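# Survey of secondary and tertiary structure
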Amino acid sequence: LFVARGRGGIAEAMDERVVVGEERLVHRVAAGLFHVIIQHAPALIPNVNRLVQSCRDAGIMVIHTRHVTRPDGSNIGTLGKLIDAIQNGLLAKGSETAELHPDLDVQTNDIILEKPRSGAFSSTDLDNVLRSHGIDTIIVSGTCTNLCCETTAREGATKDYHVFFMEDGTET
């Protein structure tokens, strides 16, 4: 997930407060379901990187999210119980497949938010981070449009954030 705030460029066009959301561009996966879902995800990276750079140029903070579970699997939840790859550590903290894609433009000033569920607001401090920076708008991008991206968008909307989807920055 990316979070943003500032003046100029994108920020000015979007009421000076923007959050670029739901980022998970996995590139190495051993599970059939996830392989099908994300096989074209690396093609999104240049588009996402351009938006991220525009946000930075406008003084907007960037937050990346990673769907990460505990290595012992104690918080995999229902999704993890249904998908063998998750049970086998696909999203486990410390695993190569739980890392952000190496071509994603992640800078030292960016925030990396680890989320244990599909939505970036569930069981995280994202809402606190956004509100403490006066952010009221999110732009959603990511791999699983119909799961993580949609969940984050709906959670954000119920918390009164303005939600936008990056048209060329989601996969499914």
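About the thresholds
Residues numbered from 1 in each chain as written. Predicted model: local features only at pLDDT ≥ 70, side-chain atom pairs only at ≥ 80, totals over all residues. Heavy atoms only, no water. Helix = DSSP H or I, 4+ residues; strand = E, 2+ residues; numbered from the N terminus. Core = buried A, V, L, I, M, F, W, Y, C linked by side-chain atoms within 4.5 Å. Buried < 20%, exposed > 50% of the residue type's maximum accessible area, 1.4 Å probe, protein only. Contact = heavy atoms within 4.5 Å.

Here Ser123, not a glycine, exhibits a phi torsion of approximately 60 degrees, which is positive. With respect to the element layout, Ser123 can be found in the loop between strand S5 (111-115) and helix H6 (126-132). Although it is not a glycine, Asp160 sits at a positive phi angle of roughly 70 degrees. Within the secondary structure, Asp160 is located in the loop between helix H7 (145-158) and strand S7 (162-170).

What follows concerns the nonpolar core. Of all hydrophobic cores here, the largest spans 14 residues; its most connected members are Ile63, Leu113, Phe121, Leu126, Leu130, Ile138 and Val140. Counting residues per element, the ones that place at least two in this core are H6, strand S6 (137-142) and H7. By size, the runner-up hydrophobic cluster in this structure holds eleven residues, among which are Leu100, Leu104, Ile139 and Met166.

Moving on, we get to H7. Burial in H7 covers these residues: Thr145, Cys148, Cys149, Thr152, Ala153, Glu155 and Gly156. For H7, the elements touching its buried residues are strand S4 (63-67), S5, S6 and S7. Note on H7: the residue one or two positions beyond its end, Asp160, has a positive phi of about 70 degrees.

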